[in-house]
Amino acid sequence: MLYLNNFCWRITKYNPQYRNSHDIFLQDEWTSYADIGKIFDTIKLTYEEYAHIENLYIKAIQSFMQCHNISSLQITTLESPATLDSDIHDTDAMINLFNSIKNNDWISQNNIENLCKLILRDKLWGKLIYNKQLFIHFGWDFYMYIGSSLSCAETISTIQNSGLFVEPFKSPYQTIQ
């Protein structure tokens, strides 16, 4: 689908000052929910630290939804295993959403958090869109790409102040059909 977006960003937890000239991040950082309990730069990743960062990503998405005054997003190109590999941090709402979601479903504002947790925890994958006004793409290693028909300057500022990094960047998952 062709997106007529004037503004595109890469939003991550990674400080761009630690990238080399080939855009490769050079610090020892966790990149996945599966990294909880592992040590990075002498610090053990706890579930609480993971959940804090995950929540910043979810709030960033919700802020873009507010900027566009929309209350739902459509999931496309859904990739989902047949069964959920659940763990102690999955809520009943996450499990119910996993079991009922289908490609091209519209996800309401109250389910966006659960959907994003499932995606960020590598339990399913998909692209989120709202017509040709907004898209959210999730990449490997906690990279998120957002395209918008609006500049959403206040939203960008809020996200940056939260501790995430926002860089102008075209999504590698954006396709033209």
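Structure report, in brief.

How each quantity is defined
Residues numbered from 1 in each chain as written. Predicted model: local features only at pLDDT ≥ 70, side-chain atom pairs only at ≥ 80, totals over all residues. Heavy atoms only, no water. Phe/Tyr/Trp six-rings, centres within 6.5 Å; stacked < 30°, edge-to-face > 60°. Helix = DSSP H or I, 4+ residues; strand = E, 2+ residues; numbered from the N terminus. Buried < 20%, exposed > 50% of the residue type's maximum accessible area, 1.4 Å probe, protein only. Lys NZ or Arg CZ within 6 Å of the ring centre and 35° of its normal. Pairing = 2+ DSSP bridges. Axes fitted to C-alpha atoms, helices over the stretch in contact; angles between N-to-C directions. Contact = heavy atoms within 4.5 Å.

### Thoughts on the packing of aromatic side chains
For any pair of aromatic rings, the description consists of the separation of the ring centres together with the inter-plane angle of the planes. The final tally for this structure, using the stated rule, is 14 aromatic pairs. Measuring from ring centre to ring centre gives 5.9 Å for Trp106 and Tyr130, while their planes differ by 80 degrees; the resulting arrangement is edge-to-face. Here the residue Trp106 occupies a position in strand 5 (residues 106-108), and Tyr130 occupies one in strand 6 (residues 125-130), the gap between them amounting to 24 residues. Owing to a relative accessible area of 21%, Tyr130 belongs among the partly exposed residues under this scheme. On the numbers, 5.8 Å between centres and 50 degrees between planes, the contact of Trp125 with Tyr173 is tilted. Of the two residues, Trp125 is situated in strand 6 and Tyr173 in the segment after strand 9 (165-168); the sequence distance between them amounts to 48 residues. In this structure Trp125 comes out as buried when scored by relative accessible area, which is 18%. Exposure remark for Tyr173: the relative accessible area of 24% places this residue in the partly exposed category. When the ring centre of Phe169 is taken as reference, the NZ or CZ atom of Arg10 above it lies at 4.1 Å. A cation over an aromatic ring shows up here: Lys13 above the ring of Trp30, its NZ or CZ 4.0 Å from the ring centre.

### Points about the sheet that holds strand 7 (residues 134-138)
With respect to topology, 7 strands assemble into an open sheet ordered 5-4-6-7-8-1-9, the strand pairing being antiparallel. The open sheet has two free edges, formed respectively by strand 5 and strand 9, since each of these has just one partner strand. Neighbour-to-neighbour, the strand axes of this sheet turn through a mean angle of 25 degrees, independent of strand direction. Seen against the sheet, helix 1 (residues 47-68) touches strand 1 (7-12), strand 4 (72-79), strand 7 and strand 8 (144-148) and runs at an angle of roughly 5 degrees to strand 8.

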